[in-house]
Amino acid sequence: MPPEPLPPTQLYASERVVVLVSCVLSFLGSSLLVCTHALWPELRTRPRQLLLYLSLADLLSALSYFYGVLQDFDRTSWDCVLQGALSTFSNTSSFFWTMAVALYLYITIVRGSPTGTGLLCCFHAVSWGVPLGITVAAVALKKIGYDASNVSVGWCWVNLDAEDRLLWMLLTGKVWEILAYVTLPVLYILIKKHINRAHAALSEYRPILSRTPAFPPRTSIADKKLILIPVIFIILRIWSTVRFILTLCNSPAVQNSVLVVLHGIGNTFQGGANCIMFVLCTRVVRTRLFSSICCCRYDELDWPLGRSNSHWQRPEPHKDRDVPGPERTKPLLSST
């Protein structure tokens, strides 16, 4: 006789507040990544272009999860299906774009192969097309619906009434999540090893009595990033996988409050984590961002001075003031 299914996981107000805050932070982080790409054309490299598409997926994911947690569905309804479809599409697309960034870096850095629009079109076809096809099929076959929050945190995913729900849980997220657990560390380890070998080969040609080493701080920061990218992804996503396995085992531990909160944060904070890594911890972007903020504050303080002038002009700076030239400001834009 099969064991009785677990009762629905009850979400407490404090748990919902924490996950909602995580959704908001992810939305703001993804929005900031999109804004930096739109405002500063000189930063639109191909890797950051891929990051833009990842941010768009995370943006939609944060919005759909926010609505799901806010509603805390207790049955299948039209908005439950709509929210589940949007989160399924965006979450799966986020997995594909995360792996696309790693694959692009591997192809360009390790293989040294030229990349053009063909590779980008392939990334688009896979990272948008595959999730869309899976989501449309799941909705058409009525596989999206209420899941009792045992494999989610208030939002809708695969319907509990579906007899083949395990298959659809794998297709609509878990198989791609597990694939990313394996693919990302392997690719970033290979990239890091290739960079380390290149640095070692380059060091043989450096002068022995050189006074300053060649960019050790910047190199160490870049190396740490290559390690942190897959580590942060796994730390965020592993709790979802743990609850998925516990649900398959019909374990009551799936309703543990700590696991529920970690699952909620892990699924919703990907956009915030990417913002921290690729905006706040990237010197060229961080410098431009802080400079823009400081300039806005300066303009606000200088506004009354402009109003006192009959021509509404800002006072010109003193000619003898020590204004740094382009050659002195350029190092501030060096990327880490």
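Because the structure is a prediction, the values reported are computed rather than measured.

Conventions used here
- Residues numbered from 1 in each chain as written.
- Predicted model: local features only at pLDDT ≥ 70, side-chain atom pairs only at ≥ 80, totals over all residues.
- Heavy atoms only, no water.
- Phe/Tyr/Trp six-rings, centres within 6.5 Å; stacked < 30°, edge-to-face > 60°.
- Helix = DSSP H or I, 4+ residues; strand = E, 2+ residues; numbered from the N terminus.
- 1 Å grid on protein atoms, 1.4 Å probe; cavity = no way out; pocket = protein on both sides within 12 Å on 5 of 7 lines; lining within 4 Å.
- Points joined across faces, edges and corners; volume = space filled by probe spheres on them.
- Nonpolar A, V, L, I, M, F, W, Y, C, P; charged D, E, K, R; others polar.
- Core = buried A, V, L, I, M, F, W, Y, C linked by side-chain atoms within 4.5 Å.
- Buried < 20%, exposed > 50% of the residue type's maximum accessible area, 1.4 Å probe, protein only.
- Contact = heavy atoms within 4.5 Å.
- Patch = residues over 30% accessible without salt bridge, like charges linked within 9 Å, V, L, I, M, F, W, Y side chains within 5 Å.
- Areas by Shrake-Rupley, 256 points an atom, 1.4 Å probe, with all protein chains shown as cover.
- Salt bridge = Lys/Arg side-chain N within 4 Å of Asp/Glu carboxyl O.
- Axes fitted to C-alpha atoms, helices over the stretch in contact; angles between N-to-C directions.
- Parallel < 35°, antiparallel > 145°, perpendicular 65-115°, else oblique.
- Left-handed = near helix turned anticlockwise from the far one by under 90°.

### Quick word on the packing of aromatic side chains
Part 1 of the reasoning: Following the criterion strictly, the structure yields 8 aromatic pairs and no others.
Part 2 of the reasoning: Consider the rings of Phe-95 and Phe-233, whose centres lie 6.1 Å apart with planes at 80 degrees: the pair is edge-to-face. Placement of the pair is Phe-95 in helix α3 (residues 78–111) and Phe-233 in helix α6 (residues 216–248), with a sequence separation of 138 residues.
Part 3 of the reasoning: Ring centres of Trp-97 and Trp-128 lie 5.6 Å apart, and the angle between their planes is 65 degrees; on these two criteria the pair is classed as edge-to-face. Taken together, the residues span a long stretch of sequence, with Trp-97 in helix α3 and Trp-128 in helix α4 (residues 117–140) at a distance of 31 residues.

### Some words on empty space enclosed by the protein
Part 1 of the reasoning: By the definition in use, this model includes 3 cavities of 30 Å³ or more.
Part 2 of the reasoning: Considering only enclosed or pocket space, the largest cavity measures out at about 150 Å³ in volume.
Part 3 of the reasoning: Residue lining of the largest cavity: 17 residues in total, with Tyr-65, Asn-91, Trp-157, Lys-174 and Asn-267 positioned closest to the centre.
Part 4 of the reasoning: Grouping the constituent residues of the lining of the largest cavity by class yields 6 nonpolar, 9 polar and 2 charged.
Part 5 of the reasoning: Size it by volume and the second largest cavity reaches roughly 70 Å³.
Part 6 of the reasoning: Residue lining of the second largest cavity: Leu-33, Thr-36, His-37, Leu-43, Arg-44, Arg-48, Leu-51, Leu-52 and Ser-55, and that is the complete set.
Part 7 of the reasoning: Sort the elements by how many residues they give to the lining of the second largest cavity and helix α2 (residues 46–71) lands first, with 4 residues.
Part 8 of the reasoning: Along the lines of polarity and charge, the residues of the lining of the second largest cavity split into 4 nonpolar, 3 polar and 2 charged.

### What about the nonpolar core?
Nonpolar side chains in soluble globular proteins tend to end up buried together.
Part 1 of the reasoning: Ranked by internal contacts, the top residues of the largest apolar core, which has 38 residues, are Leu-50, Trp-97, Leu-184 and Tyr-188.
Part 2 of the reasoning: Those elements that place two or more of their residues in this core are α2, α3, α4, α5 (165–203), α6, α8 (270–280) and α9 (283–308).
Part 3 of the reasoning: The leading source of residues in this core is α3, at 11 residues.
Part 4 of the reasoning: For Trp-97, the contacting residues outside a window of four places in its chain are Leu-50, Tyr-53, Leu-54, Phe-123, His-124, Ser-127 and Trp-128.
Part 5 of the reasoning: By size, the runner-up hydrophobic cluster in this structure holds 9 residues, among which are Leu-11, Leu-20, Cys-23 and Val-69.

### Observations regarding α8
Part 1 of the reasoning: Burial of α8 is extensive: 9 of the 11 residues sit out of reach of the surface.
Part 2 of the reasoning: By the burial criterion, the buried members of α8 are Gln-270, Gly-271, Gly-272, Ala-273, Asn-274, Cys-275, Met-277, Phe-278 and Val-279.

### Let's talk about a nonpolar patch on the surface
Part 1 of the reasoning: Together, Val-17, Val-21, Val-24, Leu-25, Phe-27, Leu-28, Leu-63, Phe-66 and Leu-70 make up a nonpolar patch on the protein surface, roughly 730 Å² of accessible area in all.
Part 2 of the reasoning: Those elements that place two or more of their residues in the nonpolar patch are α1 (13–39) and α2.
Part 3 of the reasoning: If one sorts the elements of the nonpolar patch by residue count, α1 sits on top with 6 residues.
Part 4 of the reasoning: Along the chain, Phe-66 falls in helix α2.
Part 5 of the reasoning: What makes Phe-66 partly exposed here is its relative accessible area of 31%.

### Remarks on the pattern of salt bridges
Part 1 of the reasoning: In this structure the tally under the stated criterion is 3 salt bridges.
Part 2 of the reasoning: For Glu-42, the salt bridge identified is with Arg-288, shortest N-O distance 2.0 Å. Of this pair, Glu-42 sits in the loop between α1 and α2 while Arg-288 sits in helix α9, and the two are 246 residues apart along the sequence.
Part 3 of the reasoning: Of the residues examined, Arg-288 reaches a relative accessible area of 21% and is grouped as partly exposed.
Part 4 of the reasoning: With a shortest N-O distance of 2.9 Å, Asp-164 and Lys-143 are connected by a salt bridge. Taken together, the residues Asp-164 in the loop between β2 (157–158) and α5 and Lys-143 in the loop between α4 and β1 (144–145) connect sequence positions 21 residues apart.

### Examining the packing of α2 against α8
Part 1 of the reasoning: Running from N to C, α2 and α8 point in directions that differ by 155 degrees, and their axes come no closer than 9 Å. With respect to α8, the axis of α2 lies roughly antiparallel. The crossing of α2 and α8 is left-handed. Contact with α2, carried on its side by Arg-48, Leu-51, Leu-54 and Asp-58, involves Gln-270, Gly-271, Asn-274, Phe-278 and Val-279 of α8 and no other residues of that element.
Part 2 of the reasoning: For the contact of α2 with α8, the per-class residue count stands at 4 nonpolar, 3 polar and 2 charged.

Interpretation in functional terms is not warranted from these geometric data alone.
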